[in-house]
Amino acid sequence: VAADLIAVVAPLRGNTEWLPRALLDEHGMLRVDRAMAAGAGVFGIGDVVAVPEGFRLPPALRSIQATAPGIARNVALALGSAPVQAVLRPNQPDTMLPDLAGAAVLVRDRRLLLSGRLPLLIRSAAERRYLRSRSAQIT
């Protein structure tokens, strides 16, 4: 898709200092709407974005997995001057599978549901599935 500018920022918590202040919240995060748009032709993804009140963004890798296809569609729609579509859904449960010093836990809406080996297996399966989908080599 032809574009004037495509910015790829890494690591996940990217630097937003180069963006106009009007697009950022008080913490320097990119404010987006339900379509993950911060302004005309400006879209955000991952941990650099702040979503509207009443919406949740799954943590880190899951947020990218869940929102990337919709954001890519919206970028193409915006380049063609078509209206963008909502990517976020309201009031989704906040489910996390963090790995805390080698011990995985399953947390939903700030409540610990599981700890130990099972959450580690669930997390590992999800990450392997994602990496396979990206044609990465898993050893």
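Everything below is about the structure printed above this text.
Worth saying up front: this structure is predicted, and the values here are computed from it rather than measured.

Things to note about unusual backbone geometry
- Look at M36: it is not a glycine, yet its phi comes out positive at around 65°.
- On the secondary structure map, M36 appears in the loop between β1 (30-31) and β2 (37-39).
- A positive phi is found at S81, a non-glycine position, where the angle reads about 65°.
- Along the chain, S81 falls in the loop between α1 (60-79) and β5 (95-96).
- For S81, a relative accessible area of 68% translates into the label exposed.

Side note on the pairing of strand β7 (residues 103-108)
- Both β7 and strand β8 (residues 111-115) contribute to a ladder of 4 bridges, which runs antiparallel. Along β8, the bridge assignment pairs R108 with R111.
- Between β7 and β8, which pair antiparallel and follow one another directly, the connecting turn spans 2 residues, one of which, D109, has a positive phi of 50°.

Digging into the side chain of N74
- Structurally, the position occupied by N74 is in helix α1.
- Contact partners of N74, with chain neighbours within four places excluded, come to A35, F43, V84, Q85 and V87.

Let's talk about a nonpolar patch on the surface
- A grouping of L113, L114, L118, L121 and I122 is seen on the molecular surface, where their side chains present a nonpolar patch of about 410 Å² in accessible area.
- Put simply, the parts of the chain that give the nonpolar patch at least two residues each are β8 and α2 (117-133).
- Examining the composition of the nonpolar patch, we find that 3 residues originate from one element, α2, more than from any other.

What to know about the side chain of D25
- Along the chain, D25 falls in the segment before β1.
- In this structure, D25 is buried with no salt-bridge partner, the nearest side chain bearing the opposite charge being R31 at 6.1 Å.
- A distance of 2.9 Å separates a polar side-chain atom of D25 from the backbone nitrogen of H27.
- Filtering out sequence-adjacent residues up to four positions away, D25 remains in contact with R31 and A50.

Rules used throughout
Residues numbered from 1 in each chain as written. Predicted model: local features only at pLDDT ≥ 70, side-chain atom pairs only at ≥ 80, totals over all residues. Heavy atoms only, no water. Helix = DSSP H or I, 4+ residues; strand = E, 2+ residues; numbered from the N terminus. Buried < 20%, exposed > 50% of the residue type's maximum accessible area, 1.4 Å probe, protein only. Pairing = 2+ DSSP bridges. Contact = heavy atoms within 4.5 Å. Patch = residues over 30% accessible without salt bridge, like charges linked within 9 Å, V, L, I, M, F, W, Y side chains within 5 Å. Areas by Shrake-Rupley, 256 points an atom, 1.4 Å probe, with all protein chains shown as cover. Salt bridge = Lys/Arg side-chain N within 4 Å of Asp/Glu carboxyl O. Lys, Arg positive; Asp, Glu negative; His and termini not counted. Polar contact = N/O pair within 3.5 Å; in protein donor to acceptor, adjacent residues only side chain to side chain.

That is the geometry; function is a separate question.
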